[in-house]
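Coordinate inspection notes
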Amino acid sequence: MRKTPSYLKGLAETRARADGEVLRLKALYDELDEKLAEARRIQALLDDVARKMGEAVSRRDACDKLIRDFDDRLDPNLIAPIRAWKNRYGKRGELKTAIERILQKIAPSEITTPELCLTLIAEFALDFSTKTERQKWAHNSVGNALKDLVEAGIVERLHEPVARAGKIGRWRLKDHTIAGTAGLLEAATASGLTVSQAKRRGRPAKLKEPTLTA
């Protein structure tokens, strides 16, 4: 056997070290790229919240001016704000429809549970008096809706079902090549089509015999 030249051994070792560095940096790059995509979505959400807040401030200030014009002795700041949030999901199933629509919009990207909750809070104008109340909503309402969507085969869970401490849930539309039910309904409505719930399978209804009337 010929002895491997020291130059070739050194070159192979250098190549192996570089390859290890590539793998390490690639893993770090992918992690940072994922966080950057999430940060961009949060930035878009922040811009939307800022816009809505600006509109709300304008409405409030306009009301304050009208109140003071009516009677300058009145102080609008003494009016207690309304912070109700219950029953803002609209029709039954609206929360799941909204989640599906959000995932459809960012597909094939994924979304974290905290990011999804922030998006839903902004969309439904939800408000919580305590942090505990918000956590219960995220765990119960959002968690159950996501569970139903996973069982229906619409949403894909990208984390272990039993999350470890410090781990964040991640979700993605299961088949982003085909619009989900929310997307299909939206597209159908935009096209002027009427969508109705399918009837149960069974024997087709018998045609009635035509009758002649005088």
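Just so you know, these numbers come straight off a predicted model, no measurement behind them.

About the thresholds
Residues numbered from 1 in each chain as written. Predicted model: local features only at pLDDT ≥ 70, side-chain atom pairs only at ≥ 80, totals over all residues. Heavy atoms only, no water. Core = buried A, V, L, I, M, F, W, Y, C linked by side-chain atoms within 4.5 Å. Buried < 20%, exposed > 50% of the residue type's maximum accessible area, 1.4 Å probe, protein only. Helix = DSSP H or I, 4+ residues; strand = E, 2+ residues; numbered from the N terminus. Contact = heavy atoms within 4.5 Å. Expected span 1.5 Å × (residues − 1). Bend = angle between axes of the 7 residues up to and from the residue. Salt bridge = Lys/Arg side-chain N within 4 Å of Asp/Glu carboxyl O. Pairing = 2+ DSSP bridges. pLDDT = per-residue confidence, 0-100. Phe/Tyr/Trp six-rings, centres within 6.5 Å; stacked < 30°, edge-to-face > 60°. Patch = residues over 30% accessible without salt bridge, like charges linked within 9 Å, V, L, I, M, F, W, Y side chains within 5 Å. Areas by Shrake-Rupley, 256 points an atom, 1.4 Å probe, with all protein chains shown as cover.

**What to know about the nonpolar core**
Within the largest apolar cluster, 24 residues are counted, with the highest numbers of intra-cluster contacts made by I99, L103, I111, L116, L120, W137 and V142. The set of elements that each furnish at least two residues to this core consists of α2 (94-106), α3 (113-124), α4 (131-151) and β3 (170-173). With residues up to four places along the chain from it excluded, the contact list for L116 reads I99, I102, I111, V142 and L146.

**What about α4?**
Here α4 is 21 residues long and its end C-alpha atoms lie 29 Å apart, about the 30 Å a rise of 1.5 Å per residue gives. The sharpest bend along α4 reaches about 30 degrees and sits at G143. Looking only at α4, the buried set comprises W137, A138, V142, A145, L146 and L149. In this fold, the buried residues of α4 make contact with α2, α3, β2 (155-157) and β3. Trailing α4 by a residue or two, G153 shows a phi angle of about 80 degrees, which is positive.

**Examining the pattern of salt bridges**
Tallied over the full model, the rule gives 17 salt bridges. Between R24 and E21 there is a salt bridge, and its shortest N-O distance comes to 2.8 Å. Here the residue R24 and the residue E21 both occupy positions in helix α1 (residues 6-70), the gap between them amounting to 3 residues, near one helical turn. With a relative accessible area of 46%, R24 lands in the partly exposed category. The partner of K26 in a salt bridge is D30, and the shortest N-O contact between them spans 2.8 Å. Taken together, the positions of K26 and D30, both in helix α1 and 4 residues apart, correspond to about one turn of that helix. One salt-bridge network, held together by shared partners, links E34, E38, E110 and R170.

**Concerning the sheet that holds β3**
Across the sheet, which stays open at both edges, the 3 strands sit in the order β1-β3-β2 with antiparallel pairing between neighbours. Every interior strand has two partners, whereas the edge strands, β1 (111-112) and β2, have only one. Strand direction decides the pairing type here: β1 and β3, joined by 2 bridges, are antiparallel. Along β3, the bridge assignment pairs T112 with R170.

**A short note on the confidence of the model for the protein chain**
Counting all residues, the mean pLDDT for the protein chain is 80, and 74% of those residues have values of 70 or more. Note on residues 193-214: pLDDT under 50 across the span, and 3 contacts to partners over four residues away in sequence or across chains.

**Quick look at the packing of aromatic side chains**
Counting across every chain of the model gives 1 aromatic pair. Both rings, one in F128 and one in W137, keep their centres 5.2 Å apart while their planes meet at 40 degrees; by these two values the pair is tilted. For the pair shown, F128 and W137 are each scored as buried.

**A few points about a nonpolar patch on the surface**
Where nonpolar side chains cluster on the molecular surface, the patch consists of Y7, L8 and L11 and spans about 350 Å² of accessible area. Following the sequence through the fold, L11 ends up in helix α1. L11 gets classed as partly exposed once you look at its relative accessible area, which sits at 44%.

**Some thoughts on α1**
Along its 65 residues, α1 runs 94 Å from first to last C-alpha, staying within 8% of the 96 Å computed at 1.5 Å per residue. Turning to α1, its buried residues number three or more, namely E38, R41, L45 and D64. Looking at the buried residues of α1, the elements they touch are α2, β1, α3 and β3.

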